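# Architecture at a glance
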Amino acid sequence: MTSPPGGAPGLDRLLSDPTRLAIMSVLCAAEWCDFAFLRSEVSLSDSALSKQLATLRKDGYAEQRRTYLGRVPKTTVRATDPGRTRFLEHVEALRLIVERAQRPQPGDRG
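Here's a quick rundown of the structure. In this text, all values refer to a predicted model and were calculated from it rather than measured experimentally. (Residues numbered from 1 in each chain as written. Predicted model: local features only at pLDDT ≥ 70, side-chain atom pairs only at ≥ 80, totals over all residues. Heavy atoms only, no water.)

### Observations regarding the pattern of salt bridges
Across all of its chains, the model carries 7 salt bridges by this definition. When the shortest N-O distance is used, the salt bridge between Arg 78 and Glu 31 registers 4.0 Å. In this pair, Arg 78 sits in strand 3 (residues 72-79) while Glu 31 sits in the loop between helix 1 (18-27) and strand 1 (33-34), placing the two residues 47 residues apart along the sequence. For Arg 78, a relative accessible area of 17% corresponds to the buried category. The exposure class of Glu 31 is exposed, given its relative accessible area of 52%. When the shortest N-O distance is used, the salt bridge between Arg 39 and Asp 46 registers 2.6 Å. (Salt bridge = Lys/Arg side-chain N within 4 Å of Asp/Glu carboxyl O. Helix = DSSP H or I, 4+ residues; strand = E, 2+ residues; numbered from the N terminus. Buried < 20%, exposed > 50% of the residue type's maximum accessible area, 1.4 Å probe, protein only.)

Have a look at this one:
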């Protein structure tokens, strides 16, 4: 887990990118996800999704599997266990930031 310099503990630098955060949110909701479904859910082109998935795979957040139905290739993707853990920790850190912003601070008028 990496926090940006001066960032909140628990925030993950890789997941600070909204596109990768959206991809991981879909992947964490399923065991395996069809590439075409994922592309549709996050509204990316094939090449843009492939590039983001390459980054997530390289850092151990996701894995990809290519199978064939007859002669038709099928690509599926899933979040790894460490990737799910990092995602959930990042989401919890974001939740705490939002929660803190909603609480009145001592000395605030209101």
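### A short note on the side chain of Thr 75
Relative to the helices and strands, Thr 75 resides in strand 3. Thr 75 has contacts with Cys 33, Asp 34, Phe 35, Gln 64, Arg 65 and Arg 66, leaving out every residue within four places of it along the chain. (Contact = heavy atoms within 4.5 Å.)

### Some words on the pairing of strand 3
Pairing geometry for strand 1 and strand 3, over 2 bridges, is antiparallel. In the strand pairing of strand 3, Asp 34 is matched with Thr 76. Note: strand 2 (residues 62-69) against strand 3, 8 bridges, orientation antiparallel. Its bridge partner lying in strand 3, Thr 67 is registered against Lys 74. From the end of strand 2 to the start of strand 3, which pair antiparallel, there are 2 residues, and Gly 70 there has a positive phi angle of about 70°. (Pairing = 2+ DSSP bridges.)

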